[in-house]
Amino acid sequence: MITSFCLFLMILLAGGAGSCNAASQEAGPSLFLDAKELARLQSEIRRLDWKRAAYEGEDADSDHAFAGTGVRSGADLWMKRKIEIPARSGHYHHFFCECGSRLTFPTDGREHPEGYPCSACGKVYAGEKYDGAVRWQIHNQLAVAALNMGIVSAVEGKREYARKAGEILLKYAAAYPGPHTTQTQGGMMYQSLCEAVWSIELAGAYDFARSAGVLSKRETELIENRLLRPIGEGLMSLNVRGNWHSWHLSAVGVIGYAIGDSRLVDYALAEFRRQISEELGDDGLWPESVHTYHFYPLGAFLYLAEAAYHHGVDLYHLEPKPGKSLKAMFTAPLGYMYPDTRLPAINDGWYNSFLPANHYELAWARIGDPAIGWGLKEACGRQKTARNSFWALLQGRPLPRTAAAPGVKSVNFPVLGIAALRSRDGAMMTLDYGPFMGHGQFDKMGVTLFALGKLWSADYGTPGYGSPIMPWYTGTPGHNTVVVDGKNQARTQERRLTIFAAGETFEAAQAETEEAYPGVLQRRSVIRVGERFVLVDHLQSAEEHTYDWFLRSEGALTLEKLPEAEDAPALEYAHVTDAKAYGAASSWAGQWRQGRLALDVCAFSSAPATLYSARCPAETANRTVPLAMARARAKTLDIVTVLAPRSGGAQAACSFENGVLTIRDGEAVDYVAIGSTKAGAELAADAAFALVRTSDGKTPTLAGVIEGAKVTWKGRSLIASGSRQTALEVEAR
Ligand SMILES: [Zn+2]
Ligand SMILES: [Zn+2]
């Protein structure tokens, strides 16, 4: 096997100095790959184009450890370089421009005291703060390079790669300044979190280098006792929680397996069990915010799970409490993501975050659940990404031939405090009603909207935490919610979801808060009527307040038939630009357009509101999106807003009278009762919300009720339930 593979590679690599030494592989590696899997991988690289591409890939300068980076090209890049270990790293999040964009990392693996330009606006930043961030990158590149070299040495039997990986490890053992004593003191990396990420790759490299037989006994002792064990013991001594701890414990465990230290392994396994049991939310999501901070700890756990798996311990099927497991961490996000696999960037974290194919590759290989297979297939297909990630290369299995969607439905995540309403045709709205948790933002009652294959109204997450623009992204005006008196919300503890009623055509979520702005009750309902959404806002206080209702969306914004106001006060929100004010109105309409697609909006306010159009930052300040803002001064304010995604056709005509919203789309008309309406009214309902759908404005075809029992249309009873229903809809014929 190895002989024929070497022959093949020598032809393939056109004269590469291949020297195969089967004897050197003895027992083989045992962390992220074992001898049997290595033989399979060698065969796959020979037979399968995608495995070969993942192995050889050219995109070696990618900043991120493995995504899109070929193992061999990455290893080769560093094989040619002189190995010099830089001083202790600085902080990555400092490497950001005031515009929110990242500065440009040098490609030569060196510090550049003359400075680093912003990747978007070109502004140059120089000094130790930025050099330190560059050293952070170089340390990570060295660790990834060592691991890549280890893999190449195993796959091709080329000991020179293992020797170079050993050189990196030995130089680190000589340079290591001593372990972390606090989260930012000690260690080679500024943050203990980054030390954990970096050391997992070094432990992986060590496993390959040692199994290649290129290290002497003294060298293995130096690497184990002067580098890996001190790192592990330092991380073990830090008493933290959350995603930092996930990385700490995983690094401790991976190092423990790499150097055969059962004390480190036992600690890691116990802490893993405790985190899954006590820290993972009952809804299967990581409760620090979501998207980035769900998959970030999961990424750490996967390294530990693989190392454990190869030592006979199965963490993949461990369920320390019912429903709490690695499997749940993979299935829960399938109900959270948008239909294109983008992850709603609610709370802190990068805007451009998608279901991570890398993680799902491993889960598909080890857990093999059909929903996980579907998730992997969606991630690869929708993101049009090649299967070139680290775990795809090492453990990627054939994609499932057929994979049915695991029942896409509306979901409430009660720990995180986010409800997601979904239509059959792929429209989705999120409502964030949760408390301010780790990495939270002042975004209570914020909504996002996905429809027609696009994310229209987004939460843009955050740029790097060191960027001076961060307060915009964490602040209330940066979200699609209501700002009171121009201020940010207070930190809240509550999760007051008062309605969650999932249905086929008609469904709703409702939440309220009195903590966001003390003295103000804020209630927001999100109702889905087919492919349209209705927002119902109620603000109530004993005092008069200025209520600013915000909605931003991708697309070109047009507001209809309102005269521009000369005397309206200017908007004083930082980062909001190009503001135009319009005359006060109790109803207004408009749309955001993207080509032939439109997001129509019409709104009805209980008090006249001054309407503004403006622009505000998207994922960075270098890109802005149009914003609509309605400002009203009142003690109590009610606003009903229809958001209607449309592909061609004409805008639906909306009206709102006596608590009934009418949405007229050609012949078809939907009547939506907001709250109970009087007996004897055309649409009479005793409910939180009721729907009568007609094909011609007169003949009902469908009736729905949410938190109610009765719906009557023009005197005819359409729903008459003996008891109050959370959600009920019936065809009316
Ligand atoms: Zn910039
Ligand atoms: Zn946000």
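Residues numbered from 1 in each chain as written. Chains lettered and ligands numbered in written order. Predicted model: local features only at pLDDT ≥ 70, side-chain atom pairs only at ≥ 80, totals over all residues. Heavy atoms only, no water.

At the metal site, the zinc ion (ligand 2) is ligated by Gln441 (OE1), Asp459 (OD), Asp459 (OD) and His479 (NE2), and these contacts range over 2.0 to 2.6 Å. All donors to the zinc ion (ligand 2) come from one chain, and their sequence spacing reads Q-x17-D-x19-H. With Gln441 in the loop between β5 (428-432) and β6 (446-451) and His479 in the loop between α16 (470-474) and β8 (482-484), the pair connects residues that are 38 residues apart, well separated along the chain. One exposure class covers both Gln441 and His479, and it is buried. (Donors = N, O, S within 2.8 Å, 3.2 Å for Na, K, Ca; no water. Helix = DSSP H or I, 4+ residues; strand = E, 2+ residues; numbered from the N terminus. Buried < 20%, exposed > 50% of the residue type's maximum accessible area, 1.4 Å probe, protein only.)

Turning to the sheet that holds strand β21 (residues 700-713), a few remarks are in order. The six strands are arranged β17-β18-β19-β20-β21-β22 in an open sheet whose pairing can be described as antiparallel. For this open sheet the edge positions go to β17 (653-657) and β22 (716-731), each flanked by a neighbour on one side alone. Across the sheet, the mean angle from the axis of one strand to that of its neighbour is 15 degrees, orientation sign disregarded. Pairing analysis gives eleven bridges linking strand β20 (residues 683-694) to β21, with the strands arranged antiparallel. Directly across from Thr694, in β21, lies its bridge partner Pro700. (Pairing = 2+ DSSP bridges. Axes fitted to C-alpha atoms, helices over the stretch in contact; angles between N-to-C directions.)

Counting through the fold element by element, Glu37 comes out in helix α2 (residues 35-47). Judged by relative accessible area, Glu37 falls into the buried class, the value being 7%. A polar side-chain atom of Glu37 sits 3.1 Å from a polar atom in the side chain of Gln395. Not counting residues up to four positions away in its chain, the partners in contact with Glu37 are Phe32, Tyr309, His310, Arg366 and Gln395. (Polar contact = N/O pair within 3.5 Å; in protein donor to acceptor, adjacent residues only side chain to side chain. Contact = heavy atoms within 4.5 Å.)

Turning our attention to the coordination of the zinc ion (ligand 1). The protein atoms that coordinate the zinc ion (ligand 1) are Cys97 (SG), Cys99 (SG), Cys118 (SG) and Cys121 (SG), at distances of 2.3 to 2.4 Å. Within one chain, the residues serving as donors to the zinc ion (ligand 1) are arranged as C-x1-C-x18-C-x2-C. The exposure class of Cys121 is partly exposed, given its relative accessible area of 44%.

Glancing now at empty space enclosed by the protein. By rolling a water-sized probe across the atoms, one finds the places where empty space is left. Summed over the entire model, instances satisfying the criterion amount to four cavities of 30 Å³ or more. Considering the residues around the largest cavity, the lining is formed by 15 residues, among which Gly434, Pro435, Phe436, Gln441 and Asp443 are closest to the centre. Each residue belonging to the lining of the largest cavity can be placed in one class, and the counts come to six nonpolar, six polar and three charged. (1 Å grid on protein atoms, 1.4 Å probe; cavity = no way out; pocket = protein on both sides within 12 Å on 5 of 7 lines; lining within 4 Å. Points joined across faces, edges and corners; volume = space filled by probe spheres on them. Nonpolar A, V, L, I, M, F, W, Y, C, P; charged D, E, K, R; others polar.)

This part takes up the sheet that holds β5. Sheet architecture is open: five strands sit in the order β3-β4-β5-β6-β7, paired in antiparallel fashion. The outermost strands of the open sheet, each flanked by one partner alone, are β3 (411-413) and β7 (454-457). Across the sheet, the mean angle from the axis of one strand to that of its neighbour is 15 degrees, orientation sign disregarded. Two elements, β3 and strand β4 (residues 418-422), share three bridges in a ladder whose sense is antiparallel. Paired with Val411 across the strands is Ala420, a residue of β4. The sheet contacts of helix α12 (residues 326-336) involve β3, β4 and β5, and relative to β4 the element is tilted by about 60 degrees.

We now examine the packing of aromatic side chains. Inspection of the entire model under this criterion finds 30 aromatic pairs. Considering the side-chain rings of Tyr92 and Phe105, the 6.2 Å spacing of their centres and the 15 degrees angle between planes classify their relative orientation as stacked. With Tyr92 in the loop between α4 (71-79) and β1 (116-117) and Phe105 in the loop between α4 and β1, this pair connects stretches of sequence that are 13 residues apart. Residue class for Phe105 comes out buried when judged on its relative accessible area of 6%. Ring centres of Tyr92 and Trp136 lie 4.4 Å apart, and the angle between their planes is 25 degrees; this geometry places the pair in the stacked category. Of this pair, Tyr92 sits in the loop between α4 and β1 while Trp136 sits in helix α5 (residues 128-156), and the two are 44 residues apart along the sequence. Residues Tyr92 and Trp136 agree in their burial class; the two are buried. We note Arg81 situated over the ring of Trp78; from NZ or CZ to the ring centre the distance is 4.6 Å. A cation sits over an aromatic face here: Arg366 above Tyr309, 3.8 Å from the ring centre. (Phe/Tyr/Trp six-rings, centres within 6.5 Å; stacked < 30°, edge-to-face > 60°. Lys NZ or Arg CZ within 6 Å of the ring centre and 35° of its normal.)

What the domain assignment reports for the chain is domain 1 (1-88 + 144-238), domain 2 (413-647) and domain 3 (652-733). Taken over C-alpha atoms, the centre of domain 1 sits 48 Å from the centre of domain 2. (Domains from an automatic or database assignment.)

With their axes 11 Å apart at the nearest point, helix α11 (residues 292-309) and α12 run at an angle of 145 degrees to one another. By crossing handedness, the relation of α11 to α12 is classed as left-handed. Between α11, through His294, Phe295, Leu298, Phe301, Leu302 and Ala305, and α12, the contact on the second element is made entirely by Leu326, Met329, Phe330 and Pro333. A breakdown of the residues in the contact of α11 with α12 according to their chemical character gives nine nonpolar, one polar and no charged. (Left-handed = near helix turned anticlockwise from the far one by under 90°.)

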